[in-house]
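Each chain, letter by letter, is given below.
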Amino acid sequence: MLRKDINELLTRTGPGTPMGELFRQYWIPALLAEELPDNDCPPVRVKLLSERMVAFRDSEGRYGLVDEFCAHRGASLWFGRNEGSGLRCPYHGWKYDVTGQCIEVPSEADNSSFCQNVQLTSYPLVRIGDVLWTYMGDRATQPPLPEFEWVHVPPEQTYTSKRWQQCNWLQAFEGGIDSSHVTFLHSGGLKTDPLFRGAKGNEYNMKDTKPFFEVADSEGGLFVGARRNAEDGTYYWRITPYVMPAFTMVPPRGDHPVHGHFWVPIDDENCWTFSFDYHPVRPLTDTERQAMIDGHGVHSRNIPGTYRPMANMDNDYLIDREAQKRGETYSGVAGIAMQDASLQESMGPIVDRSKERLVPADSGIIKARQKLRKAAIALRDEGVTPPGVNPEHHKVRSAAVVLPQAESFLDSCRDAVKVTPGVPQASV
Amino acid sequence: MTTPTLQLSESARAASASESRYRIDAPIRPARSARVVALDEKAAAVARRLAAHPWAHARFYTGDGDARLRELDGAAALLDEVLTGTDVVVVLATEDGGRAAAAAIGRICGRRGITTAGVVLGDGFEADDAVAALRPYARVLLLSADEADAFELLTALRV
């Protein structure tokens, strides 16, 4: 359980809130690069951390993320004309560049300096990999760009999708460090999903449904080790790294690509789940990439032209009780992503954690909440930069290994959980 | 011609903020009758600080290195009796000294189906032996430099 006041602190991310200020210390995914595919393409509405903005790509290919509303009369710049190195409000023709600086006010005299004093709030928007990243904090403390491996491998080795999740970011994120649900909720996927099946590690998962956990601090967040019995004298370990504030990686299976998530609050009752797959040393095969596009693995099939999953709360997630009876899915909902989302959304927009009954196996979640709370308060009260801002903290990997029972996963996997270019993931 | 109706699905309606008002609001009883056992001197100091907080049913003990326990006031306690009637044991350790006690607690808990959690406090994991001794039995091991994690764990478990 969590006190109501702490639950409030952790779940509210609007401007001026402690957790909102914490998120504003980091570069966070804002959009997929595919959403702004060309110079002068249509602008895109973006809401992050309870702030409404528009993103656009100007005639020179520069990306901008600016206040959604024209400074003149408050019309939405989503209707703007993206042309001639700026976004022009179609109402009265005011025009803004990618920094939010007003560069034309047609009603003013040609030599007027009026527009120089009109500046929309704007944030940097930078492409790294398939993702456009933004930093919504104080420019004076803007950290170096992110170094997550998934966005730095060559394009043919990586794939990223995103989906709208209709609940607070924290309850979505907590699923990412909750290894004990996999054996139940995702048991069907271990047998059938083309991005999971066939790995030796799956057998350990299915044979031992009561994993033991070890949770340890890392520089940027946590490592959560889930341990199951393997052959005599050995344990099968699945190691999940968490990098603050909201990045996790799923331990790999066989030579399948490695996947993970970055959760980003849209507002307090909605979030984006950015989901990725990559392979550290080889291109994704056509079959793998198509499976990701088709919504297998951690990805979702979205309604064309949107990032809303086809299975969503408005159609009861297309729950199929017959497939559940046949053993194809554990909950009746198809797909790893929507199996998670359906249950997380069912908790309500912001779950009341004062009603929970946690068990020791939830220690990863307990510890992550503690780290977030401490970091938010240290930032608010003392200006302390939180873990995970330093790009060195991003250079982590998940791992799946079989170790002698006496060995510590932390000691034995020091290299396995670090990014080493050219070296494949540690996987079983 | 039919008029389209805007009808929320069962899931959409149930997950709305307005429906949250109708959740049954029954008081939650403490879930756990916990025993907290400190395995070494530094851990005992942590246990004393923890014990100063109000808990529902949690009881606190120190180990003396060879599987005998004491109440925080120094009175001897038999491990077998301490573990009677509990469903979770949280073991605190900061160094290797408590290996024997850790193993004894772990064995009995394993036999009786008592969930065991270990909180190992320290930088650089000075308590490697204690961790190794607890590993076969502890459903969860929390390795931490932050004493507050023990408090947070007990709070979350409603002990």
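All values reported here derive from a predicted model rather than from experimental measurement. (Residues numbered from 1 in each chain as written. Chains lettered and ligands numbered in written order. Predicted model: local features only at pLDDT ≥ 70, side-chain atom pairs only at ≥ 80, totals over all residues. Heavy atoms only, no water.)

Draft legend 1. View of the overall build of chain A. Within chain A, the secondary structure is distributed over eleven helices and 19 strands. For chain A, the spread of C-alpha atoms along the three principal axes comes to 85 × 45 × 45 Å. Summarising the internal contacts of chain A: among those between residues at least 6 apart in sequence, 61% fall at separations of at least 24. Carbon and sulfur atoms provide 52% of the accessible area of chain A, an area that totals close to 16,800 Å². (Helix = DSSP H or I, 4+ residues; strand = E, 2+ residues; numbered from the N terminus. Contact = heavy atoms within 4.5 Å. Areas by Shrake-Rupley, 256 points an atom, 1.4 Å probe, with all protein chains shown as cover.)

Draft legend 2. Region of interest: the interface of chain A and chain B. Taken together, the contact pairs 42 residues of chain A with 41 residues of chain B. Carbon and sulfur atoms make up 51% of the surface buried where chain A meets chain B, a total of about 3,200 Å² over both sides. Connecting chain A to chain B are five salt bridges. A:Lys374 is the salt-bridge partner of B:Asp146, the closest N and O atoms lying 2.4 Å from each other. At the junction of chain A with chain B, the criterion picks out 22 residue pairs in polar contact (both at pLDDT 80 or more). Its residues assigned to classes, the side of chain A that touches chain B comprises 19 nonpolar, eight polar and 15 charged. Sheet topology places strand E13 (residues 212-217) of chain A next to strand E7 (residues 140-144) of chain B; four bridges connect them, and they run parallel. Across the sheet, the residue bridging to A:Glu214 is B:Leu141, located in E7(B). (Buried area = accessible area lost by both parts, 1.4 Å probe. Salt bridge = Lys/Arg side-chain N within 4 Å of Asp/Glu carboxyl O. Polar contact = N/O pair within 3.5 Å; in protein donor to acceptor, adjacent residues only side chain to side chain. Nonpolar A, V, L, I, M, F, W, Y, C, P; charged D, E, K, R; others polar. Pairing = 2+ DSSP bridges.)

Draft legend 3. Representation of the side chain of A:Asp97. Relative to the helices and strands, A:Asp97 is located in the loop between strand E7 (95-96) and strand E8 (102-104). Apart from residues no more than four positions distant in its own chain, A:Asp97 is found in contact with A:Phe56, A:Val66, A:Ser85, A:Gly86 and A:Ile103.

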